[in-house]
Amino acid sequence: VTGVQTCALPISIAECQRLLSAAIETLPARLRIVLHAYYHGGQTMRAIGEHLGISEGRVSQIHARALRLLRGYFVLRGFTSSIDFAIPTRALEVRL
């Protein structure tokens, strides 16, 4: 694709966390809560659902939407695929 930059070199975990933290801040609050509880809090989707008063399936949908939005955020910034910018689980351990 013309005009799209790719990330030729792997970026550090620290840089990944910085970029991801900025991206997460753009998400609606409920999506941030689910990501934080799941990745930082280590909670199951069932536990998150119980806390929020929604079903486990709805938590899964919210989680999937958050990941789609994060991927879109990075695509808009020139990362062309998850290969260019894979979001390692450790990178999701950012302070929200």
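(A) Structural view of the side chain of His 63. Structurally, His 63 can be placed in helix α4 (residues 56–76). Contact partners of His 63, with chain neighbours within four places excluded, come to Val 34, Leu 35, Tyr 38, Tyr 39 and Met 45.

(B) Broad picture of the environment of Arg 71. Position of Arg 71 relative to the elements: it lies in helix α4. The spatial distance from the C-alpha of Arg 71 to the C-alpha of Ala 23 is 9.4 Å, given a sequence separation of 48 residues.

(C) Highlighting helix α2 (residues 29–40). Here α2 spans 15 Å end to end across twelve residues, near enough to the 16 Å set by a 1.5 Å rise per residue. Where α2 is concerned, the buried positions are Leu 31, Val 34, Leu 35, Ala 37 and Tyr 39. Buried residues along α2 sit against α1 (13–25), α3 (45–52) and α4.

(D) Expanded view of the packing of α2 against α4. Closest axis-to-axis distance for the α2/α4 pair is 9 Å, and the angle between their directions is 100°. If you check the angle between α2 and α4, you find them roughly perpendicular. Contacts from Arg 30, Leu 31, Val 34, Leu 35, Tyr 38 and Tyr 39 in α2 reach Val 59, Ile 62, His 63, Arg 65, Ala 66, Leu 67, Leu 69 and Leu 70 in α4.

(E) Quick look at the pattern of salt bridges. This structure, assessed with the given rule, holds two salt bridges. Taking the shortest distance from any N to any O, the salt bridge between Glu 15 and Arg 18 comes out at 2.9 Å. Remark: Arg 18 and Glu 15 occur in helix α1; sequence separation between them is three residues, near one turn of the helix. Judged by its relative accessible area of 28%, Glu 15 falls in the partly exposed class. A salt bridge links Arg 46 to Glu 56, with the nearest nitrogen and oxygen atoms 3.5 Å apart. In this pair, Arg 46 sits in helix α3 while Glu 56 sits in helix α4, placing the two residues ten residues apart along the sequence. A relative accessible area of 53% means that Arg 46 is categorised as exposed.

What counts as what
Residues numbered from 1 in each chain as written. Predicted model: local features only at pLDDT ≥ 70, side-chain atom pairs only at ≥ 80, totals over all residues. Heavy atoms only, no water. Helix = DSSP H or I, 4+ residues; strand = E, 2+ residues; numbered from the N terminus. Contact = heavy atoms within 4.5 Å. Expected span 1.5 Å × (residues − 1). Buried < 20%, exposed > 50% of the residue type's maximum accessible area, 1.4 Å probe, protein only. Axes fitted to C-alpha atoms, helices over the stretch in contact; angles between N-to-C directions. Parallel < 35°, antiparallel > 145°, perpendicular 65-115°, else oblique. Salt bridge = Lys/Arg side-chain N within 4 Å of Asp/Glu carboxyl O.

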